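For reference, the chains in residue letters:
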Amino acid sequence: MLELKKKTAEILSEIADAEYGKGLLTKEELLGMLEYPPDSNMGDLALPCFRLSKKLRRSPVEIASSLEKKINCAQFKSVKAEGGYLNFKLDGTEFAKRVIADVNRLGDKYGSPMCGEGKTVVIDYSSPNVAKPFHIGHLGTTVIGHSLKLIHEFAGYKCIGINYLGDWGTQFGKLIVAYKLWGDKEKVEAGGVDELVRLYVKINNAIKDEEDESLKQNGDGEHAGKKHSELADKSRMEFNKLETGDEENLKLWRWFVDVSLKEYQKTYKLLGIEFDSYKGESFYTDKMPAQVQLLRDKGLLEIDDGASIVNLEKYNMPVCLILKSDGSTLYPTRDIAAAVYRQNEYKFDKAIYVTSAAQSLHFAQWFKVVELMGYDWYDRLVHVPYGTVSINGSKLATRTGNVILLKDLFNEAISRVYDIAKEKNKDEEECRKIAEKVGVGAVIFYYLYNNRMRDINFVMEEALSFDGNTGPYAQYTYARASSILEKAEDSAQMTDAQLGDLESELAKVISLFPEKVISALSDYEPSVITRYIIELCTAFNRFYHECKIANCEDEKLRRSRLALTAAAKQVLGKALNLICMQSPDKI
Ligand code: ARG
């Protein structure tokens, strides 16, 4: 459809050049104005002339009818001016033939804009903090991030997926103290992150208790309002030891990171995610001083209450903290050093960071600092934010340990699908496989269905439902197409049989795939694909319910319908794949 749209815009702009003066209406402008009428009885494509009225000093009706008179467009069956619109109608059969020919010619590449050839994108996503829960707040960064990686790959980019592990920071001081006090090697080995989180939560609570106690003790005397905790002091000391290379602490730290990583990888495996790099925050420790020095040399650093900052007042942002008063580095410092490293290492054309919208200011700030430092690639940095997730209406409470873990969310979905599958299907192994694909897919689909900035309330029953705009529904549709083709794929071939409305409607939806990919890519918005999947499934299911396919008596029609089914299946499979979902042939 995109090609057709482009061609139409070109023809229209030629007419406009002759009719209204050269260059008055560019083909790009016209391309942006061409739209799909909500009801295809009105047409398959339309140019609303209202917006042109001012520019051309004529009424929309006049514009539409003069364009209608001049246009000669072989691609359409008819072009009609109707109430200020220029409506284009396709010959459904001819169009379907062209679409299916494109799908067959391009195969797995059908829909790819191929705009990334020779370009590199690094995508920083998922990036959990070691020893803190990997919870549903990370669902967004993990699946939006991976989907964006897949979409970029599909567009021909070379993609580097980076898991920027939160593997450094004062929490390790706390964890070391907690482990030395209450920890147990076997328990950590068996319990993994959960056990680390338990220790972390325990020490946080203990610190808080000590602080509260000290507040009470200090009463309203001269130390009023001052809190103190020995455990907090100890934690700072242990972290300091770690930073200065203490062997014992380094060993513990490495172990904590390994244990955590192993567990995250289980979730990644479930989602089919592999990272190209796990270089986390710790990796940049020795790369920060050079950047701090550069900031100093450029006169960008100011001292504020002992801390080193970059003043961003001119850009309407609060100061960006580079060094604390004790000289320790901060989150932005590390991000700057990491970006410089990645540019040197990968020469990226784009560096994408997927995090919750709560971090938007952080990214805006250090992106600005990178610009001020004079790095000419500052404008290749892209922050992709997303909204919050709650489950059945309840928000997350970190630190208290009262959070919903990502693995639990997926496991819950898997076990519910398993129970349903078990009722219908005897084979244990098969049930497990299906439950995994459908359960995981349901969660992903439900999440990626919404515009990423929207705050989402997760309702498992809705996600798992087979009817409605869900993952199971989409996968079921895919399996349906597969089973039709199973015995008849060989005969799938477009013939000159006359097609009806449902068939051409399906072809039309298939033809929209390329422009959906472009829009998902340029808006960093996987939900465009998710919604498209529903559009495609709806068109396919209508066609399926109304038309005989494999058992159609008319052989030519049968072949064409099978060809349509095969194309729908292919595009649906690809679209599912772009949002990190599997497409099982059987459900
Ligand atoms: N570890 C951070 C968190 O969980 C996210 C890191 C995002 N990436 C980055 N380069 N800052 O909040």
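Scroll up to find the structure.
First, a word on scope: everything that follows refers to the structure included in this document. (Residues numbered from 1 in each chain as written. Predicted model: local features only at pLDDT ≥ 70, side-chain atom pairs only at ≥ 80, totals over all residues. Heavy atoms only, no water.)

## Remarks on the packing of aromatic side chains
Then comes step 1: Across all of its chains, the model carries 32 aromatic pairs by this definition.
Then comes step 2: Ring centres 6.2 Å apart and planes at 35° place the aromatic pair Phe154 and Phe513 in the tilted group. Placement of the pair is Phe154 in helix α6 (residues 139-154) and Phe513 in helix α20 (residues 513-523), with a sequence separation of 359 residues. Taken individually, Phe154 and Phe513 each receive the classification buried, so the pair is uniform in this respect.
Then comes step 3: An aromatic cluster is built from Tyr125, Phe134, Tyr264, Tyr268, Phe275 and Tyr278, whose rings are joined through pairwise contacts.
Then comes step 4: For the cation-ring pair, Lys279 lies above Phe283, with the distance from its terminal atom to the ring centre recorded as 5.0 Å.
Then comes step 5: Across from the ring centre of Phe283, 4.1 Å away, lies the NZ or CZ of Lys287, which sits over that ring. (Phe/Tyr/Trp six-rings, centres within 6.5 Å; stacked < 30°, edge-to-face > 60°. Helix = DSSP H or I, 4+ residues; strand = E, 2+ residues; numbered from the N terminus. Buried < 20%, exposed > 50% of the residue type's maximum accessible area, 1.4 Å probe, protein only. Lys NZ or Arg CZ within 6 Å of the ring centre and 35° of its normal.)

## Re the site of the ligand
Then comes step 1: Surrounding the ligand, one finds Asp124, Ser127, Asn129, His138, Tyr164, Tyr331, Asp335, Tyr353, Thr355, Gln359 and Phe363.
Then comes step 2: Between the ligand and Asp124 there is a distance of 2.9 Å, counted from a nitrogen atom to a side-chain nitrogen or oxygen.
Then comes step 3: Contact distances for the ligand include 2.7 Å between a nitrogen atom and a side-chain N or O atom of Asp335.
Then comes step 4: Relative to its unbound accessible surface of 350 Å², the ligand loses 89% to contact with the protein.
Then comes step 5: Mapped onto the shell around the ligand, the elements with two or more residues apiece are α13 (331-346) and β9 (350-356).
Then comes step 6: The residue inventory of the shell around the ligand, partitioned by class, reads 4 nonpolar, 5 polar and 2 charged. (Near = heavy atom within 4 Å. Polar contact = N/O pair within 3.5 Å; in protein donor to acceptor, adjacent residues only side chain to side chain. Areas by Shrake-Rupley, 256 points an atom, 1.4 Å probe, with all protein chains shown as cover. Nonpolar A, V, L, I, M, F, W, Y, C, P; charged D, E, K, R; others polar.)

## A few points about the side chain of Asn541
Then comes step 1: Counting through the fold element by element, Asn541 comes out in helix α21 (residues 527-546).
Then comes step 2: Contacts of Asn541, omitting those with residues within four sequence positions, involve Tyr473, Thr477 and Arg480. (Contact = heavy atoms within 4.5 Å.)

## A word on the state of the cysteines
Then comes step 1: Under the definition given, this model contains 0 disulfides.
Then comes step 2: Of the cysteine sulfurs around Cys115, a residue in no disulfide, the closest is that of Cys159, at 11 Å.
Then comes step 3: You can see Cys537 has no disulfide; the closest cysteine sulfur is in Cys547, sitting 16 Å from it.
Then comes step 4: The class for Cys537 is buried, based on a relative accessible area of 0%. (Disulfide = S-S within 2.5 Å.)

## Description of the packing of α13 against helix α14 (residues 360-372)
Then comes step 1: In contact at an axis separation of 10 Å, α13 and α14 are set at 55° when each is read in the N-to-C sense. It follows from the interaxial angle that α13 and α14 lie oblique. Note on packing geometry: the crossing formed by α13 with α14 is right-handed. Residue-level inspection shows Tyr331, Pro332, Asp335, Ile336 and Ala339 of α13 in contact with α14, the latter providing His362, Phe363, Trp366, Val369 and Val370. (Axes fitted to C-alpha atoms, helices over the stretch in contact; angles between N-to-C directions. Parallel < 35°, antiparallel > 145°, perpendicular 65-115°, else oblique. Left-handed = near helix turned anticlockwise from the far one by under 90°.)

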